[in-house]
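Observations on chain architecture
Now for the letters of each chain:
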Amino acid sequence: MLEHISGDIHYFTFNSFPNGSLTHAIFARAGGVSPQPWASLNMSISTGDSAENARANRVRAFEALELPAESMADVWQVHGTETIRADAPRGGHSPIKADGLITDRPGVTLFQRFADCAPILLYDPKRHALGMVHAGWRGTVERAAASPVKAMAEAYGSRPADLIAGIGPSIGPDHYEVGPEVVEAARRAFDHADELLITHNSKIHFDLWAANARVLREAGVEQIEVAGLCTACRNDLFFSHRAEAGKTGRFGAVIALR
């Protein structure tokens, strides 16, 4: 990924996404107004920060990309596999429960929040359409990453082989120790699951990056960029639920057509 700085805002973009066709970013945690333990560019109200702070931080982030804050379309993330189509912005409206978003409309900015789960962005350069999905371990084993791929095919005629996918900063296999529930779910979900379950210091760790890349490949996506940035390792850059024992904020991810 490429790192960018706009004023106090730091954000990252995928190398494989074309600059002229879309605007996208995974935001770091610096440059916002929130106090500890959400310092400082927290974009969620679900962890105890005020709605006013979260709203101000979203505005700052959107302005750094020269995107209007009122273009935002988001969802109430529930660790599921539902994808919704955003034909218009949904800023200020009660979000729908889902973990995936798609659009082919300029003027609509897809937006979600993260703190260890994987942000997965999708772009179809042939149909000029976008997708985004939030994938924690539950979404990963339930193949949430395949949901917007299917939805884009149905809504826009997108061919999975044409899509460009980016798996953004999230907890890496070195820090993602998991218990029996996750191990059993992964073994039920994936053939050769032991390739995704790594023994580290006598503990089992789950590789979210490799698992979601496999889900995307099985859905027909061929072009996949993995950021390889661990949110727990780089807690200086990103919020991490695991590294901060749940007392933290959420960083934002956005993608919009130009």
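Look up a bit, the structure's there.
Since this is a predicted model, take the numbers as computed values, not measurements.

Cut-offs and rules
- Residues numbered from 1 in each chain as written.
- Predicted model: local features only at pLDDT ≥ 70, side-chain atom pairs only at ≥ 80, totals over all residues.
- Heavy atoms only, no water.
- 1 Å grid on protein atoms, 1.4 Å probe; cavity = no way out; pocket = protein on both sides within 12 Å on 5 of 7 lines; lining within 4 Å.
- Points joined across faces, edges and corners; volume = space filled by probe spheres on them.
- Helix = DSSP H or I, 4+ residues; strand = E, 2+ residues; numbered from the N terminus.
- Nonpolar A, V, L, I, M, F, W, Y, C, P; charged D, E, K, R; others polar.
- Phe/Tyr/Trp six-rings, centres within 6.5 Å; stacked < 30°, edge-to-face > 60°.
- Buried < 20%, exposed > 50% of the residue type's maximum accessible area, 1.4 Å probe, protein only.
- Lys NZ or Arg CZ within 6 Å of the ring centre and 35° of its normal.
- Pairing = 2+ DSSP bridges.

This part is about the layout of surface pockets. Over the atoms rolls a probe the size of a water molecule, and its path tells where empty space is left. The computed volume of the largest pocket comes to approximately 1,000 Å³. Forming the walls of the largest pocket are 39 residues, and the residues nearest its centre are Ser44, Ser46, Gln77, Arg113 and Arg250. It is helix α1 (residues 51-64) that provides the largest number of residues to the lining of the largest pocket, a total of six residues. Considering only residue class, the lining of the largest pocket consists of 18 nonpolar, eleven polar and ten charged. In this structure, the second largest pocket encloses a volume near 190 Å³. Looking at the second largest pocket, the residues that line it are Leu2, His4, Tyr11, Thr13, Pro18, Asn19, Leu22, Thr23, His24, Ala64, Leu65 and Arg258. Partitioned by chemical class, the residues of the lining of the second largest pocket number six nonpolar, five polar and one charged.

Now for the packing of aromatic side chains. Applying the stated criterion across every chain yields a total of seven aromatic pairs. Ring plane angle 40° and centroid distance 6.4 Å describe the contact between Tyr176 and Phe206, whose orientation is recorded as tilted. Of this pair, Tyr176 sits in the loop between β10 (164-167) and α4 (180-189) while Phe206 sits in strand β12 (residues 203-206); the two residues are 30 residues apart in sequence, bridging distant segments of the chain. Take Tyr176 and Phe206: they sit in the same class, and that class is buried. Ring centres 5.3 Å apart and planes at 55° place the aromatic pair Phe238 and Phe251 in the tilted group. Taken as a pair, Phe238 in the loop between β13 (223-226) and β14 (251-257) and Phe251 in strand β14 lie far apart in primary sequence, 13 residues in all. The pair formed by Phe238 and Phe251 is uniform in burial state, with each residue classed as buried. Joined through ring pairs, the aromatic side chains of Phe12, Phe114, Phe238 and Phe251 make up one cluster. Against the face of Trp76 rests Lys97, its NZ or CZ located 4.6 Å from the ring centre.

With respect to burial, strand β9 (residues 129-135) is a largely interior element, seven of its seven residues being buried. Pairing of strand β6 (residues 100-103) with β9, which is carried by four bridges, proceeds in the antiparallel orientation. For Gly100, the partnering residue across the bridge sits in β9 and is Val133. Note that strand β8 (residues 118-124) and β9 share seven bridges and pair antiparallel. Note on β9: the bridge partner recorded for Leu122 is Gly131. Taking the residues between adjacent antiparallel strands as the criterion, β8 and β9 are bridged by four residues, where His128 takes a positive phi near 55°.

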